Amino acid sequence: TFVGNTLALDSEDSNVQLRSTAIVTCGLAQSGSQYRLWSRIKISYSDDLTTSASLYRIVNGREVFVSSVSASGTGTTLTASKLRTLASGTYKVYGSGTSGSSSSSNSSTITVP
């Protein structure tokens, strides 16, 4: 004897949501005599977004915190940015972002002359 189970969902029981992969980029951009610390999150459909960036200076092989910035909003792209005066040296930027369905992070190393 064979016994089987059947599972049926009617349209009211199922709710399909599209998922989008969040892409985060970050860095430092020169703006006159200052540098803009920035992080950007981008997804393919409008959602609630947050993004942030943290800036560290590399001193004797150690990361020393310098500054951070964050932003939140709704849309497909969101950028957080902040102007800073920086001494010459090597810096590390860590960027992160979240949407309602995914999160991502990135980092970059920049030398300020």
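A brief report on the enclosed structure follows.

Conventions adopted
Residues numbered from 1 in each chain as written. Predicted model: local features only at pLDDT ≥ 70, side-chain atom pairs only at ≥ 80, totals over all residues. Heavy atoms only, no water. Phe/Tyr/Trp six-rings, centres within 6.5 Å; stacked < 30°, edge-to-face > 60°. Buried < 20%, exposed > 50% of the residue type's maximum accessible area, 1.4 Å probe, protein only. Helix = DSSP H or I, 4+ residues; strand = E, 2+ residues; numbered from the N terminus. Polar contact = N/O pair within 3.5 Å; in protein donor to acceptor, adjacent residues only side chain to side chain. Contact = heavy atoms within 4.5 Å.

This paragraph deals with the packing of aromatic side chains. Counted by the stated rule, this structure contains two aromatic pairs. Here Tyr56 and Phe65 contribute two aromatic rings whose centre-to-centre distance is 5.6 Å and whose plane-to-plane angle is 75°, an arrangement assigned as edge-to-face. Exposure remark for Phe65: the relative accessible area of 48% places this residue in the partly exposed category. Pairing Tyr56 with Tyr94 gives two aromatic rings, centres 5.8 Å apart and planes at 80°, and the pair type is edge-to-face. On the criterion of sequence distance, the pair formed by Tyr56 in strand S2 (residues 34-59) and Tyr94 in strand S4 (residues 89-98) is long-range, its members being 38 residues apart. Among the aromatic side chains, those forming a connected cluster through ring pairs are Tyr56, Phe65 and Tyr94.

A separate point is the side chain of Ser67. Along the chain, the position of Ser67 falls in strand S3 (residues 62-84). Given a relative accessible area of 3%, Ser67 falls into the buried group. A polar contact is formed between the side chain of Ser67 and the side chain of Lys82, at a distance of 3.3 Å. Once you skip the residues sitting within four places of it in the chain, Ser67 turns out to touch Leu37, Ala53, Ser54, Leu55, Lys82 and Arg84.

By themselves these figures say nothing about function.
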